[in-house]
Amino acid sequence: SSSVVAWNAMIAAYIQHDDPQAALRLFKEMEGANVDRNLITFVCSLKACSNITALGKGQQIHRDIIDRGFELDVIAGSTLINMYAKCGMLARAEQVLKGMRFRDVVSWSALISGYAQLGQGYEALNCFEQMQREGVCPNAVTFICILKSCRSIGANDKGKQIHDEIVNRGLLGKDVVLGNALVDMYAK
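My aim in this report is to walk through the structure given alongside it, one point at a time. (Residues numbered from 1 in each chain as written. Predicted model: local features only at pLDDT ≥ 70, side-chain atom pairs only at ≥ 80, totals over all residues. Heavy atoms only, no water.)

**Re the nonpolar core**
- The biggest cluster of nonpolar side chains holds 58 residues, and the ones touching the most others in it are I11, I61, I81, L111, I112, I146 and L147.
- In contact with I81, other than residues within four places in its own chain, are A93, V96, L97, M100, S107, A110 and L111. (Core = buried A, V, L, I, M, F, W, Y, C linked by side-chain atoms within 4.5 Å. Buried < 20%, exposed > 50% of the residue type's maximum accessible area, 1.4 Å probe, protein only. Contact = heavy atoms within 4.5 Å.)

What follows is the structure in structure tokens.
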């Protein structure tokens, strides 16, 4: 209905303007106002949970998604993976990824990023290799996380392979952050 669209727009606006608490308050108000929340509502609210590492609320939203029988599409799955990863629950994030019927570069990169941010370079590399075995092509975000992981574990040979792959895909001149990640890796 148009009502849920308006509520979703307000929740998204709060997230965009860096006020995740207000977004979650609106999410709660929707229930009291008997507005039927849809998958977009839940995904936006999960983003708010990610921004403030509100694990308990995120888990509750995950249960609501399951209880309502919503199919975990790529966007919802990736958002859940990101939320669990940002909350330090990487095993749970990996379970979500494995449970998804379709996994894309965004869902894989969310998990790889979580491992990289928590200094678990070997796990990030394992995910990266598994992603490629499944035929999913990495993007600049994936490469940035992998380069960070290579640097953190001193995997120079793997880092050089990644560098070659970046050059072969023509990504080097297109992304400043990617170039900086390469410099950082070699500087270490």
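**Topic: helix α10 (residues 156-168)**
- Helix length check: α10, at 13 residues, gives a terminal C-alpha distance of 18 Å against a target of 18 Å (1.5 Å per residue), a fit within 8%.
- Within α10 the residues assigned to the buried category are K158, G159, I162, H163, E165 and I166. Projection of α10 onto a plane perpendicular to its axis shows the buried side chains occupying an angular sector of 165°, all on one side. More than 90 degrees from the buried face of α10, the exposed residues found are D157 and N168.
- G170 lies just past α10 and shows a positive phi near 70°. (Helix = DSSP H or I, 4+ residues; strand = E, 2+ residues; numbered from the N terminus. Expected span 1.5 Å × (residues − 1). Arc of directions from axis to C-beta.)

**Some thoughts on the side chain of D64**
- By the element assignment, D64 lies in helix α4 (residues 55-67).
- Of the buried charged residues, D64 lacks a salt bridge, with R37 as the closest side chain of opposite charge at 4.4 Å.
- Look past the residues within four positions of D64 in its chain and what remains in contact with it is R37 and F42. (Lys, Arg positive; Asp, Glu negative; His and termini not counted. Salt bridge = Lys/Arg side-chain N within 4 Å of Asp/Glu carboxyl O.)

**Overview of helix α8 (residues 121-133)**
- Here α8 contains 13 residues, and its C-alpha end-to-end distance of 18 Å stays within 8% of the 18 Å for a straight helix at 1.5 Å per residue.
- Turning to α8, its buried residues are G121, A124, L125, C127, F128 and M131. Along the long axis of α8, the arc covered by the buried residues comes to 160°, so they all point the same way. Exposed residues pointing more than 90 degrees away from the buried face of α8 are listed as Y122 and R133.

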